[in-house]
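Spelled out, the chains give:
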Amino acid sequence: MTATHILAGDVGGTKTILAVFSSERGAHEPIAEATFTSADYANLESIVQSFLSGLDVRVSRAVFGVAGPVLNGSAQITNLPWVLSEQHLRAALGLSHVHLINDLAAIANAVPVLNDEDTIALNDVSPTPRGAIGVIAPGTGLGEAFLLWVNGRYHAFPSEGGHNDFAPSNELEGDLLRYLQRKFGRASYERVCSGIGIPNVYYFLRDCAYMPESPAVAAQLASAKDPTPVIVANALANPPDPLCAQVMDIFTSVLAAEAGNLALTVIATGGIYLGGGIPPRILPLLQRESFMNTFRYKGRLSGLMERIPVRVIMNAKAGLLGAARAALEMEAD
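Residues numbered from 1 in each chain as written. Predicted model: local features only at pLDDT ≥ 70, side-chain atom pairs only at ≥ 80, totals over all residues. Heavy atoms only, no water.

1. Side note on the overall build of the chain
Quick reminder of the rule: In this text, helices come from DSSP runs of H or I with a minimum length of four residues, and strands from runs of E with a minimum of two, each type numbered from the N-terminal end. The quantity called the radius of gyration is restricted to C-alpha atoms. Its globule counterpart is 2.2 Å times the number of residues to the power 0.38. Whether a residue is buried, partly exposed or exposed follows from its accessible area with a 1.4 Å probe, protein chains only, as a fraction of its type maximum: under 20%, in between, or over 50%, in that order. Residues count as neighbours in contact if any of their non-hydrogen atoms are within 4.5 Å of one another. Note on areas: these come from Shrake-Rupley sampling with a 1.4 Å probe, and a residue is covered only by the protein chains present in the view. Only four residue types enter the charge count, namely Lys and Arg as positive and Asp and Glu as negative; His and the chain termini do not. Here the site of a charge means NZ on Lys, CZ on Arg, CG on Asp, or CD on Glu.
For the chain, the helix and strand inventory stands at 13 helices and 14 strands. Its C-alpha atoms give the chain a radius of gyration of 21 Å, within 12% of the compact-globule value 20 Å for 333 residues. Counting every position in the chain, which comprises 333 residues, the buried fraction comes to 50%. Within the chain, residue pairs in contact and separated by at least 24 positions form 67% of the contacts whose partners lie at least 6 positions apart. Summing over all exposed atoms, the chain offers an accessible surface of approximately 15200 Å²; the carbon and sulfur share of this is 51%. In the chain, the 23 positive side-chain charges and the 31 negative ones have mean positions that sit 4 Å from each other.

2. A word on the nonpolar core
Operational definition: Residues enter a nonpolar core if they are buried and are Ala, Val, Leu, Ile, Met, Phe, Trp, Tyr or Cys, with the set joined through side-chain atoms within 4.5 Å.
Ranked by size, the top nonpolar core spans 52 residues in total, and within it Ile272 and Phe295 carry the most contacts. In terms of residue count, helix H8 (residues 242-266) provides more of this core than any other element does, 13 residues in total. If near-sequence neighbours (up to four positions away) are discounted, phenylalanine 295 is found in contact with Ala256, Ala259, Gly260, Ala263, Ile272, Met305, Ile308 and Val310. By size, the runner-up hydrophobic cluster in this structure holds 31 residues, among which are Ala106, Ala108, Ile133 and Leu321.

3. With respect to the pairing of strand E14 (residues 310-313)
Quick reminder of the rule: Whether two strands pair depends on DSSP finding at least two bridges between them.
Alternating positions in E14 separate into two faces, Val310 and Val312 on one and Arg311 and Ile313 on the other, with burial throughout. Pairing analysis gives 3 bridges linking strand E9 (residues 119-121) to E14, with the strands arranged antiparallel. Among the inter-strand pairings, threonine 119 is bridged to a residue of E14, identified as isoleucine 313.

4. Points about the side chain of asparagine 234
Tracing the backbone through its elements, the reader meets asparagine 234 in helix H7 (residues 227-236). Classification of asparagine 234 as buried rests on a relative accessible area of 13%. Other than its neighbours up to four places away in sequence, asparagine 234 contacts Val217, Gln220, Pro240, Asp241 and Cys244.

Here it is, written out as structure tokens:
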């Protein structure tokens, strides 16, 4: 059987990663791969044409994971003036099939083909074969998705669960909820459990006089374009900054609770996977006993939670891997 070649992409506001894969080698072994600065190009097709022009292969179809919702085959990329259309891309690239999928759906698509070295387990539980899988990914925002076993394989489904109403689990988080409601009118999990949420927690603790702010951290924040890396770095420092450490204690507690909510929603006996850019950076915090204790604390259903494996996705290119899997399985169809 002749090998077919597909194009996969992970398209974001900062960078775009493209790779060509072969049906013979699978999604883990790209034939060629390159990373581009997205803002240097007027559109996605310009990047693709530049990439493919240097390769002696012909691709038959493409799947792109994109940072933004995909509606009726179109997507507006977050933090870029690009509007993508499957129909336009098919014509511009001369391909028979082009599909756009949400970046979180792309990460979810990767889960069934992740290798052992791609993840780190937070508990010693084996997945139930063909059991539902949940994916929760705190990055800039909070993405959620799930996978169900349908017609002989796992299919990924997008979700906007990160925008569910934030539910506090203790008195301090209750005060945080009221602070966020005063500030935004409505408080979702993303307002706490994401890159854009971490500063909200910091300012809550600082401004409501729960914790004093250190002058050193205040100076770093004053000169930082993005406060989140500053807060995370100081929480992980030795010794940690007390205010930043408390921020990340709240962050991990809320992440554990919402990961548990997702596990209950889909009965994720196939596992809960923590994706996105933040979990690998704060792995020592997730490996503390308190994280799994909070995840499992679901009252009468705590026994069910004991049976759900929890993994952190360490592969930074999971989105690309998931897009490749989607494209290769389309070829199989």
